[in-house]
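Structural description and commentary
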Amino acid sequence: MALNRGRIWLGGLAGGVIWNLWSFFVYHFITGARYVVVQNAGWFLKTPRYPFFVAQWTVLLFILAIAVAHLYAWARPGLGPGPGTALKIGFLVGFFAGFPENFAQATWSAIGRALPFGWMVEMWLGAILAAMVAGWLYKD
């Protein structure tokens, strides 16, 4: 069965919008104030090392969401269509993207556990939301 590439891209782009909105929410309501604390303590840079970081982060989340949409479309024949498959894909991608590195950060970093926890939640739930949107929009 051929994949509907147009729907993959539509789902990926829509999922990217949702993931970016989630990322914005996490920054403004969960992690944002904590950045100031660790910056003032000298543990984080006050200006980003890479120019246009926000734009680059936005693009990266869109790329990840498009990859999630592809994974959902590839998994449908074996796991079946629907939210259950989308949830499984999002859960796995979110775990891979958010858990290992942030577990290490929470374990070894002097910044404490709140920021790594926020980063993990941002990636994990963002992947789940993007997969659910992609799955909702995908049609054969």
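What counts and what doesn't
- Residues numbered from 1 in each chain as written.
- Predicted model: local features only at pLDDT ≥ 70, side-chain atom pairs only at ≥ 80, totals over all residues.
- Heavy atoms only, no water.
- Core = buried A, V, L, I, M, F, W, Y, C linked by side-chain atoms within 4.5 Å.
- Buried < 20%, exposed > 50% of the residue type's maximum accessible area, 1.4 Å probe, protein only.
- Helix = DSSP H or I, 4+ residues; strand = E, 2+ residues; numbered from the N terminus.
- Contact = heavy atoms within 4.5 Å.
- Phe/Tyr/Trp six-rings, centres within 6.5 Å; stacked < 30°, edge-to-face > 60°.
- UniProt positions renumbered as here; feature names shortened; annotations may be inferred.
- 1 Å grid on protein atoms, 1.4 Å probe; cavity = no way out; pocket = protein on both sides within 12 Å on 5 of 7 lines; lining within 4 Å.
- Points joined across faces, edges and corners; volume = space filled by probe spheres on them.
- Nonpolar A, V, L, I, M, F, W, Y, C, P; charged D, E, K, R; others polar.

Some words on the nonpolar core
Grouped together as the largest cluster of nonpolar side chains are 11 residues: Trp19, Leu61, Ala65, Val68, Ala75, Ile89, Val93, Met123, Ala127, Ala130 and Ala131. For this core, the secondary-structure elements that each account for two or more residues are α2 (53–79), α3 (83–108) and α4 (114–137). Leave out the neighbours within four places in its chain, and Ala131 touches Val68, Ala86 and Gly90. Counting residues in each nonpolar core, the second largest holds seven residues, with Ile8, Ala73, Ala86 and Tyr138 among its members.

Details of the packing of aromatic side chains
The full count for this structure, using the stated rule, is 14 aromatic pairs. Residues Phe99 and Phe103 carry aromatic rings whose centres are separated by 5.5 Å and whose planes lie at 15° to one another, so their mutual orientation is stacked. Pair noted here: Phe99 and Phe103 are both in helix α3, with a separation of four residues, about one helical turn. Counting every residue linked through ring pairs, the aromatic cluster contains Phe91, Phe95, Phe96, Phe99, Phe103 and Trp124.

Comments concerning the UniProt feature "transmembrane region" (unreviewed entry) in the protein
According to UniProt, the "transmembrane region" (unreviewed entry) feature falls on residues 7–30, 50–74, 86–111 and 117–138. For the annotated span residues 7–30, helix accounts for 100% and strand for 0% of the residues, and the straight-line distance between the end C-alpha atoms is 33 Å. A helix fraction of 88% and a strand fraction of 0% characterise residues 50–74, whose end C-alpha atoms lie 34 Å from each other.

What to know about the layout of surface pockets
Estimated volume of the largest pocket: approximately 1200 Å³. Lining the largest pocket are 28 residues, and of these Tyr35, Phe44, Phe53, Trp57 and Trp119 lie nearest its centre. Sort the elements by how many residues they give to the lining of the largest pocket and helix α1 (residues 5–40) lands first, with nine residues. A breakdown of the residues in the lining of the largest pocket according to their chemical character gives 14 nonpolar, 10 polar and four charged.

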